[in-house]
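Results of the structural survey
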Amino acid sequence: MPIKATDDPGDHLRDCFSQPRQALERAAGHPIPLKETGSVALIGLLGLGWSASGLVFGHNAAFERFVFGALLGLAVLMPLALYLVTVNALQPPGDGPAATLKTSLAIFATALVGPSAVTLTAGVCGLALTSWVEEDWAAVLPALVAGVTWSVGLVLQVGVGHALRRNGSSLAGIGTSVVALLVTGLATALTVWILLNPPWATEQMWSPL
């Protein structure tokens, strides 16, 4: 069945849930409603931040967790931008045309629609649970479910989407996506470490004092 472009956001978003491979194939080779698809992915980031708010901001009130969690989710945009550029550069081999950055963005946004539904649900549940339950699992469980589902869904679907674009192996596409995630993780960790331990702030950076 040939994959056709669609101007109807509802059709593409529905396919992201019911026929994810078809949605990825469309994003890889045809125009998609990128603004609407990206908006859903952005809402999913808010849910990701809310799901982790109980762990990071557990001592704050519910409204503060709501605000700070949203900001935490939006902060993920910075490493995601690096991941997008890296995965675009590390495309799998194949006889199809290389994906432009815009095409990679379309694949990226499409890949996040399904996981975004999970993160948003986990985020709302996390805010509610941490407001009513004081047990540790109330903060850990939503963050774990959202983080694992979102990360795995992102890596697998972005890899498959780029493999479809290049007419290459899905396994190779997933491999390049994993490498891009590792590069992003290392760069993010290094940036956070430098910000927490700025070498320009003190001459004795390693001193316990």
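Summary of the structure given here. For clarity, every value in this text was computed on a predicted model and none was experimentally measured.

Scanning the chain from terminus to terminus reveals eight helices and zero strands. For the chain, the α and β elements follow one another from N to C terminus as α-α-α-α-α-α-α-α. Dimensions along the principal axes, computed over C-alpha positions, put the chain at roughly 60 × 45 × 25 Å. Across the 209 residues in the chain, those meeting the buried criterion constitute 41%. Across the chain, contacts joining residues at least 24 apart in sequence account for 71% of those joining residues at least 6 apart. When the accessible surface of the chain is summed, it comes to about 11300 Å², and 70% of that surface belongs to carbon and sulfur atoms.

It is worth spelling out a nonpolar patch on the surface at this point. Taken together, Leu42, Phe63, Phe66, Val67, Phe68, Leu71, Leu74 and Leu77 make up a surface patch of nonpolar side chains, about 700 Å² in accessible area. Sort the elements by how many residues they give to the nonpolar patch and helix 4 (residues 62–75) lands first, with six residues. Secondary-structure assignment places Leu74 in helix 4.

So, about the environment of Ala41. Mapped onto the secondary structure, Ala41 falls in helix 3 (residues 34–56). Remark: the alpha-carbon pair of Ala41 and Ala109, spanning 68 residues in sequence, is separated by 6.0 Å. Aside from chain neighbours lying at most four places away, what touches Ala41 is Ala109, Leu112 and Ser116.

Conventions we followed
- Residue positions within a chain follow its written sequence, with the count starting from 1.
- The model is predicted, so local features are restricted to residues of pLDDT at least 70 and side-chain atom pairs to those at 80 or more, both for listing and for counting; the totals for chains, interfaces and linings are taken over all residues.
- Think of the side-chain values as coming from all heavy atoms in the structure, minus any hydrogens and water.
- Numbering of helices and strands starts at the N terminus; helices are DSSP runs of H or I of at least 4 residues and strands are runs of E of at least 2.
- Note on classification: 1.4 Å probe, protein chains only; a residue is buried when its accessible area is under 20% of the maximum for its type, exposed when over 50%, partly exposed between these limits.
- Two residues qualify as a contact provided that any one of their heavy atoms is within 4.5 Å of a heavy atom in the partner residue.
- To be clear on the numbers: accessible area is Shrake-Rupley with a 1.4 Å probe, and residue cover counts the displayed protein chains and nothing else.
- Patch definition: residues above 30% relative accessible area lacking any salt bridge, with like charges linked at up to 9 Å and the nonpolar side chains Val, Leu, Ile, Met, Phe, Trp and Tyr linked at up to 5 Å.
- Whenever Lys or Arg places a side-chain nitrogen within 4 Å of a carboxyl oxygen from Asp or Glu, that contact is recorded as a salt bridge.

These results come straight from atomic positions and should not be treated as a statement about function.
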